[in-house]
Amino acid sequence: MSAFPRSRRAAATLALVAAVAVFPLLEGLFSASRHEFYLQQLTWIMIFGLFCMSLDFLVGIVGLVSLGHAAFFGLGAYLLVLVTPEYDTPSLLVAVPLVLGGVALAALAVGALALRTSGIYFIMVTLAVGQMFFYLFNDSKLAGGSDGMFLFSRPVLRLGGLTVVDFESKVQFFYATLAVLLACYGLLCLLLAAPFGKVVRGIGINEGRTRALGFDVYAYKLAAFVVAAVLAGLSGLLAASQYGFVNPSLLGWHMSGTALVTVILGGMGSLYGAVLGALVVEVLRHGLESLTEHWLLAFGGLIIVMVLALPRGLAGLASPLGRLLRPAPPALPTKAAVPEVEA
């Protein structure tokens, strides 16, 4: 029974990916400035969707609610600027391992401390750590202080003297971001299908029973925390590459809070729901900004209504839709329809 809706979801996902992939080719349908704006917004939605997906893995799968997840998003963005040579173009083959390695080390240190707590105390520790990162970069002259820093040269990928990907090109950066988003989604799906994924799912459902089965719950949660942080750092690297600028607001608690609301709206534990949530949140935000200067009030009200109306999030719409599209089972024969057999 579940195969049919799963195939429907796969077909809908492929159709959505195809629609997104062809958008850069539709330049003739819009003015040059409007097409560039839409291209930039779609790119940001994918970056923000990747960040929310990393938080969904932590919150919706492992059951670890973090209000400091943006610290790794901002750290990835800042590290890209800091490792970029002042008068040279950074190479993706060098910059990406350095940035993600730095984020992984920071997540390992933070997770080793924060995961010694649980529940509300874990939330408080992550919030405190996030604010520590915020003020560290806000007050540091090395990181530009509250004014932030510029990324004067965006990364490129060169193989054998041939430039394969150049982030200076908005179209190439768009397709690179789409490829990264799909690759990270596929990686998380493979991870969750592996024994590691089954254990972390068990931790999210019943941590005590998982521990009673003999698994080292602390080690598994720490590994999951690092994985989520690295994906958040990767999205931060992409954000810095898109805008060419970083500032301390990327590390603030409001960024974590917005992502958490987006995850809840999209449907916790679904992964793809986080991307749907990012799409809806950004479309609503820009639509309401163009209608009224009090858009934040209307935006908050709409989010509340959507959360109340969709307790399982946007991803939960797939189940009733699948039931609606599924062919009805054949009716059981009634007594009148069964022919009587004469003795």
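Residues numbered from 1 in each chain as written. Predicted model: local features only at pLDDT ≥ 70, side-chain atom pairs only at ≥ 80, totals over all residues. Heavy atoms only, no water.

Engineer: How should I be thinking about the overall build of the protein in this particular structure?
Structural biologist: The helix and strand inventory of the protein stands at 13 helices and 4 strands. Across the 343 residues in the protein, those meeting the buried criterion constitute 43%. The long-range fraction of contacts in the protein, counting pairs at least 24 apart against all pairs at least 6 apart in sequence, stands at 76%. Here the protein has roughly 18,100 Å² of accessible surface; of this, 69% comes from carbon and sulfur atoms. (Helix = DSSP H or I, 4+ residues; strand = E, 2+ residues; numbered from the N terminus. Buried < 20%, exposed > 50% of the residue type's maximum accessible area, 1.4 Å probe, protein only. Contact = heavy atoms within 4.5 Å. Areas by Shrake-Rupley, 256 points an atom, 1.4 Å probe, with all protein chains shown as cover.)

Engineer: I would appreciate a short explanation of the layout of surface pockets in the present structure.
Structural biologist: Over the atoms, a rolling probe the size of a water molecule traces out where space has been left empty. Its boundaries defined by the atoms lining it, the second largest pocket holds a volume of some 390 Å³. In terms of lining residues, the second largest pocket is bounded by 17 residues, among which F48, T258, V281, E282 and R285 are the most central. No other element matches helix 10 (residues 253-266), which puts 6 residues into the lining of the second largest pocket. When grouped by side-chain class, the residues that make up the lining of the second largest pocket number 10 nonpolar, 5 polar and 2 charged. (1 Å grid on protein atoms, 1.4 Å probe; cavity = no way out; pocket = protein on both sides within 12 Å on 5 of 7 lines; lining within 4 Å. Points joined across faces, edges and corners; volume = space filled by probe spheres on them. Nonpolar A, V, L, I, M, F, W, Y, C, P; charged D, E, K, R; others polar.)

Engineer: For this particular structure, what's the right way to read unusual backbone geometry?
Structural biologist: The phi torsion of most residues other than glycine is negative, and most of the peptide bonds are trans. A positive phi angle is found at L271, which is not glycine, with a value near 70°. Its place among the elements puts L271 in the loop between helix 10 and helix 11 (272-289). Since its relative accessible area comes to 3%, L271 is described here as buried.

Engineer: What is the right way to read the pattern of salt bridges from this model?
Structural biologist: Pairing is possible between side chains that carry opposite charge, provided their charged atoms lie close to one another. Applying the stated criterion across every chain yields a total of 6 salt bridges. A salt bridge links E36 to K170; the nearest nitrogen and oxygen atoms lie 3.6 Å apart. Taken together, the positions of E36 in helix 2 (residues 32-61) and K170 in helix 6 (residues 170-193) put the pair 134 residues apart, joining distant regions of the chain. Note that E289 is salt-bridged to R285, the shortest N-O span being 3.6 Å. Of this pair, E289 and R285 both sit in helix 11, 4 residues apart, which is roughly one turn of that helix. With a relative accessible area of 34%, E289 lands in the partly exposed category. For R285, a relative accessible area of 23% translates into the label partly exposed. Linked through salt bridges whose partners overlap, the residues forming this network are E207, R211 and K221. (Salt bridge = Lys/Arg side-chain N within 4 Å of Asp/Glu carboxyl O.)

Engineer: I would appreciate a short explanation of the environment of G316 in the present structure.
Structural biologist: Mapping G316 onto the fold places it in the loop between helix 12 (295-309) and helix 13 (318-325). Sequence separation of G316 and G267 is 49 residues, and the distance between their C-alpha atoms is 6.6 Å.

Engineer: Teacher, can you tell me more about the side chain of N138 here?
Structural biologist: Structurally, the position occupied by N138 is in helix 5 (residues 120-138). Among the polar contacts made by the side chain of N138, one reaches the side chain of D139 at a distance of 3.1 Å. Sequence-distant contacts of N138, that is, excluding residues within four places in its chain, are made with G145, S146 and P248. (Polar contact = N/O pair within 3.5 Å; in protein donor to acceptor, adjacent residues only side chain to side chain.)

Engineer: What's the story with the pairing of strand 2 (residues 156-159) in this structure? I'm lost.
Structural biologist: Each regular strand displays side chains that alternate between the two surfaces of the sheet. Here 4 bridges tie strand 2 to strand 3 (residues 162-166), and the two strands are oriented antiparallel to one another. When the bridges of strand 3 are listed, R158 appears paired with T163. Count of turn residues in the strand 2/strand 3 antiparallel hairpin: 2 residues, of which G160 carries a positive phi of about 60°. (Pairing = 2+ DSSP bridges.)

Engineer: Teacher, can you tell me more about the nonpolar core here?
Structural biologist: If you look at the biggest cluster of nonpolar residues, it comprises 86 residues, and the most contacted ones within it are F57 and F133. With 15 residues, the top contributor of residues to this core is helix 2. Apart from residues no more than four positions distant in its own chain, F57 is found in contact with V62, L188, L191, L192, F196, A224, V227, A228 and L271. Counting 9 residues, the second largest nonpolar core, distinct from the first, contains L265, V281, L284 and F299. (Core = buried A, V, L, I, M, F, W, Y, C linked by side-chain atoms within 4.5 Å.)

Engineer: Looking at this model, I keep getting lost on the packing of aromatic side chains. Mind explaining?
Structural biologist: For any pair of aromatic rings, geometry is given as the distance between the ring centres together with the angle between the planes. Counted according to the given criterion, the structure contains 18 aromatic pairs. Aromatic side chains F72 and F225 sit 5.7 Å apart centroid to centroid with 85° between the ring planes, which places their arrangement in the edge-to-face category. Residue F72 is found in helix 3 (residues 70-83), and its partner F225 is found in helix 9 (residues 217-243); the two are separated by 153 residues along the sequence. The residues F72 and F225 share a single accessibility class, namely buried. Connected via pairs of aromatic rings, a cluster forms that spans W44, F48, F51, F73 and Y243. (Phe/Tyr/Trp six-rings, centres within 6.5 Å; stacked < 30°, edge-to-face > 60°.)

Engineer: I would appreciate a short explanation of a nonpolar patch on the surface in the present structure.
Structural biologist: There is a patch of nonpolar side chains on the surface, built from L82, V83, L93, V94, L98, L142, L159, L162 and V164 and spanning about 840 Å² of accessible area. Residue assignment for the nonpolar patch shows that the elements contributing at least two residues are helix 3, helix 4 (92-114) and strand 3. Locating L93 in the fold gives a position in helix 4. (Patch = residues over 30% accessible without salt bridge, like charges linked within 9 Å, V, L, I, M, F, W, Y side chains within 5 Å.)

Engineer: Even after reading the chapter, I still don't get the packing of helix 2 against helix 9, so can you show me in this structure?
Structural biologist: A pair of packed helices is captured by two measures, namely the crossing angle of their axes and the spacing between those axes. Two elements in contact, helix 2 and helix 9, have axes separated by 8 Å at closest approach and are oriented at 165°. Judged on the interaxial angle alone, helix 9 and helix 2 are roughly antiparallel. The way helix 2 lies across helix 9 gives a crossing that is left-handed. Residues Q40, T43, W44, I47, L50, F51, S54, F57 and L58 of helix 2 touch helix 9, and the partners they reach there are A224, F225, V227, A228, L231, A232, L234, S235, L238, A239, Q242 and Y243. (Axes fitted to C-alpha atoms, helices over the stretch in contact; angles between N-to-C directions. Parallel < 35°, antiparallel > 145°, perpendicular 65-115°, else oblique. Left-handed = near helix turned anticlockwise from the far one by under 90°.)

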